[in-house]
Every structure is written in C-alpha cells, then in structure tokens.
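Each chain is listed here by its residues.
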Amino acid sequence: MNKIPCEIVPLLLDWFAQNKRDLPWRHTKDPYPIWLSEIMLQQTRVEAVKPYYKRFLEVCPSVEALASLPEEQLYKLWEGLGYYSRARNLQKAAKTILSDFGGVFPSDHKSLQKLPGIGDYTAGAIASIAFGERVPAVDGNVLRVVARLTASDKDIALPETKAAFRELLLPLIPEQAGDFNQSLIELGATVCLPNGEPKCESCPLASLCRARMEGNVLELPKRSKKPPRKIEDRTVLLIEDGGRTALSKRPDKGLLAGLYELPNTKGHLDEAALLTFIRSLGFEPLRWSRLEDAKHIFTHVEWHMIAYAVRISPEFDERAGSDRCFLVDNEILHRDYAIPSAFSAYIKYL
Ligand code: ADE
C-alpha cells in the first residue's frame, strides 16, 4: 500500500486553522461534551446535531447528571436523533465512569474503549481532542480521504482496511493530535466529498493526492455493497378517544428497545384481522379509517406501514388495554414521551 506523505501534516494543520467550522464542541477540552458530540455525530449531520447538543448539555451538564437522568427524560432529549442505543450506551458509560473509574473520565485510548458505545474511532477522537494523545481517529470521512490520498482500491467497508489506514496514519500524528484528526475529518466533510462531488480545487492536499494524479478520484473509495435490508410489512394503529391516544412499550431488547410506540403488528391487516388486533389490545372500536401508507428505514430493516385511525369511546380508563398498551393524554404524550421517528407520519395527527 502507498504510504501517506508526511508533508500532509503541516498542510492540514494550517488549512484547519484557517478553514475549520466554528462548531460548539470545538470550544472545549472537556472530555464529557467532546464525547457527547462524537456520539451524536456518529449517524447524524452536524447541523442536525447542534440544537440537540446544546439542549442535552443544559439538562445534563456532567457525567453525574447523565448517570442519574431518568430513562424517559433521556429518550425525550434524544427524540428525533434516532439510534436510541447511542443514548442508552451513553448513560451506561456515565454510570461505569462513576462506578469503575471513581468518577474520573478515562483519559487514554485503551481505557476509553472499556466504556459501552465507545469503539476505536470514538476513543481515538476523545483521546486526541480532549487529552492530546497521539492516536488516529478513523471515521468514514477519514477512510475516504486516505483512500484517495493513497489511491487505495481496498474495500473501506472491511475492518482490515480501517486497521491498515490507521497504521499508515499512526506514525504521522503530531503533537496537535486533536487538531490533526479533526482536520482529516473536516477535509472529508467539507472538501473531499463523496458522491462525485470532491472539491479538489480547494484541497490543501491536491498536489500530494495519488488518486488525483491517476485521475480516479471519482472511482475511490471502493466500498462493497451492504446486504439488502429486510422488508417488513407492519400495521400501525392510532387509537384515540378524542383526547387520549394508545401507546405501548417495546420489549427491553431488540429494535427500539424500551421505547414507547403506537401499537403496531407484523403484516398488513385486513379489516377482519384489524378488529381482532384492536380487541386483543383491550379496546372496542367505534369506527376506523385508513391513513396514508408510510415507510421507515432502519439500519437492517425497512418498515412498510399501513395504518388505521381507530376511534374508541372515552369510557376506557387509562389502564384499559393490555399490560403493554395504555391511553395517554395527548398533551402529556407530546411533553413526556419520546416516540421513535418511524411513527412520525402518524404522530402528526395528534
Ligand atoms: N464528525 C465526527 N467528529 C467530528 C468533529 N469533531 N467535528 C466535526 N464533525 C465531526
């Protein structure tokens, strides 16, 4: 594999100093907010993260506050960001810092990886940005930059490619490790763009880029296709009595674990099956109507949803329904419950 020329280091540091975006998590060296930002940024765009990051720190300014936050409040703070396991792991890790690390944030790449939700990339980002440890932080942006810089046709979806790129970067990491890692991320996010849109004319590394010399920037990086997502038909119910809506709680394991949702079931139910399902939840419908279809894409599965609005009479008390299905006042639902965005096509009716 082609080496990475060490000339990139001063070029990137200078470029970053002059071109970095002014982002809220770049005004601190405190590992807690840096960690939070890295977790939020894992599957979410910078612009979408900003308001969540601010609000999260207002409610939860410290590891202690995060560790003791009630779960429902944690989910509410995360509502709309998706991938709720990130929030669950964040809190688990906060509890681990208190129980196993005496409340002191672990400060090196190796011990950071003992925390739930922190893998090689996130540990590298926190260790370098907050503590100045000279370790790489190879995310998707960095994979793309290194693949082009070295004209590597290795499959960036493979862990061994990530490990190989990490080894190429390791000897280059300067004392300003955090700035260097962020400069690579920033270059990937703002200049060395994917999907045929690299802005090579404004790249500080253009004269060193092997893909550019070989004329194959647009063909790199190579990434093998992910296996297709499983498609699951589901029927979703908006069961209402005029002021309250039925919610159920998902099981503690698996997709959307422990979150509240609109009652739903596998398959596209016809009206006879629909009636049986509503009764199995403990409700007797007055009338129902079909709502629009909706689709939601998770990491490994796609929900293809049909939905019914179901009117029940207001005589049910809030414990009506089965163990896991109950009625909630609509105002309280909006205020206190985090409903996964998979249901947003239907929640908008409330
Ligand atoms: N994506 C991941 N980490 C980031 C960071 N520190 N700044 C901007 N984008 C990022």
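Predicted model, so just to flag it, every value in this text is computed and none were measured. (Residues numbered from 1 in each chain as written. Predicted model: local features only at pLDDT ≥ 70, side-chain atom pairs only at ≥ 80, totals over all residues. Heavy atoms only, no water.)

### Considerations on the domain arrangement of the chain
Heads up, the rule is: Each domain span listed reflects an automatic or database assignment of domains. It only takes one pair of heavy atoms within 4.5 Å for two residues to be counted as in contact. Accessible area that two parts lose when put together, evaluated with a 1.4 Å probe and summed over both, is termed the buried area.
Segmenting the chain into domains produces domain 1 (8-219) and domain 2 (230-347). Just the C-alpha atoms count here: the centres of domain 1 and domain 2 sit 37 Å apart. Tallying the contact residues gives 8 residues for domain 1 and 14 residues for domain 2. Surface buried jointly by domain 1 and domain 2 totals about 820 Å² across both partners, of which 51% is contributed by carbon and sulfur atoms. When residues of domain 1 are sorted by the area they lose upon contact with domain 2, Glu72, Lys76 and Tyr84 head the list and together hold 53% of the total.

### Section: helix α9 (residues 140-149)
Given 3.6 residues to a turn, an α-helix orients residues that are three or four positions apart in the same direction. Quick note on the threshold: Burial classes: relative accessible area under 20% of the type maximum marks a residue as buried, over 50% as exposed, and values in between as partly exposed (1.4 Å probe, protein chains only). Put simply, DSSP marks the helices as runs of H or I at least four residues long and the strands as runs of E at least two long, and each gets a number from the N terminus on. Nitrogen and oxygen atoms within 3.5 Å of one another constitute a polar contact, given that in protein one can donate a hydrogen and the other can accept it, and given that sequence-neighbouring residues count only through two side-chain atoms.
With 9 of its 10 residues buried, α9 lies for the most part within the structure. Among the residues making up α9, those that are buried are Asn141, Val142, Leu143, Arg144, Val145, Val146, Ala147, Arg148 and Leu149. Lining the buried residues of α9 we find α1 (8-19), α10 (159-169), α11 (177-190) and α12 (210-214). The residue sitting at the N-terminus of α9 and contributing the capping side-chain oxygen is Asp139; that oxygen lies 3.0 Å from the backbone nitrogen of Asn141.

### Notes on helix α8 (residues 120-131)
Note the threshold: Helices are assigned an expected span. That span is 1.5 Å times one less than the residue count.
Taking 1.5 Å per residue as the helical rise, α8 with its 12 residues ought to reach 16 Å, and the 15 Å between its terminal C-alpha atoms agrees with that figure. Most of α8 is tucked away: 10 of the 12 residues are buried. Every buried residue of α8 is accounted for by Tyr121, Thr122, Ala123, Gly124, Ala125, Ile126, Ala127, Ser128, Ile129 and Ala130. The inward-facing, buried residues of α8 contact α2 (31-41), α7 (109-112), α10 and α11.

### Digging into the side chain of Glu302
With respect to the helices and strands, Glu302 occurs in strand β6 (residues 301-312). When its relative accessible area of 12% is taken as the criterion, Glu302 is described as buried. A polar side-chain atom of Glu302 sits 2.9 Å from a polar atom in the side chain of His304. If sequence neighbours within four positions are ignored, Glu302 has contacts with Arg229, Lys230, Ile231, Glu232, Lys295, His296 and Ile297.

### Here we look at unusual backbone geometry
Across the junction of Leu220 and Pro221, the peptide omega takes the value 0 degrees, indicating a cis bond. Topologically, Pro221 is positioned in the loop between α12 and β1 (230-240). Not every positive phi belongs to a glycine, and Tyr83 is a case in point at roughly 45 degrees. Its identity is not glycine, yet Ala151 carries a phi of approximately 50 degrees, on the positive side. Relative to the helices and strands, Ala151 is located in the loop between α9 and α10. Under the relative-accessibility criterion, Ala151 is labelled buried at 17%.

### What about the pattern of salt bridges?
Note the following rule: When a carboxyl oxygen of Asp or Glu lies within 4 Å of a side-chain nitrogen of Lys or Arg, that pair is called a salt bridge.
One pass over the full model with this rule turns up 15 salt bridges. A salt bridge links Glu232 to Arg234; the shortest N-O distance between them is 2.5 Å. Here Glu232 and Arg234 have matching classes, each one buried.

### Considering the layout of surface pockets
Remark: the empty space left among the atoms is shown by a probe the size of a water molecule rolled over them. Heads up, the condition is: With a 1 Å grid spanning the protein atoms alone, the term cavity applies to any set of points in which a 1.4 Å probe fits but cannot get out, the term pocket to an open set with protein on both sides within 12 Å along at least five of seven lines, and the term lining residue to any residue with an atom within 4 Å of a point. Grid points are joined across faces, edges and corners, and a volume is the space filled by probe spheres set on the points. As a working rule, the residues Ala, Val, Leu, Ile, Met, Phe, Trp, Tyr, Cys and Pro are called nonpolar, Asp, Glu, Lys and Arg charged, and the rest polar, with Gly in that last group.
Space inside the second largest pocket adds up to approximately 460 Å³. Gly82, Tyr83, Tyr84, Phe298 and Thr299 are the residues nearest the centre of the second largest pocket, which is lined by 22 residues in total. Elements with a contribution of two residues or more to the lining of the second largest pocket: α6 (85-100) and β5 (285-297). Looking at the lining of the second largest pocket residue by residue, the class counts come to 10 nonpolar, 10 polar and 2 charged. Counting residues domain by domain, the lining of the second largest pocket receives three or more from each of domain 1 (8-219) and domain 2 (230-347).

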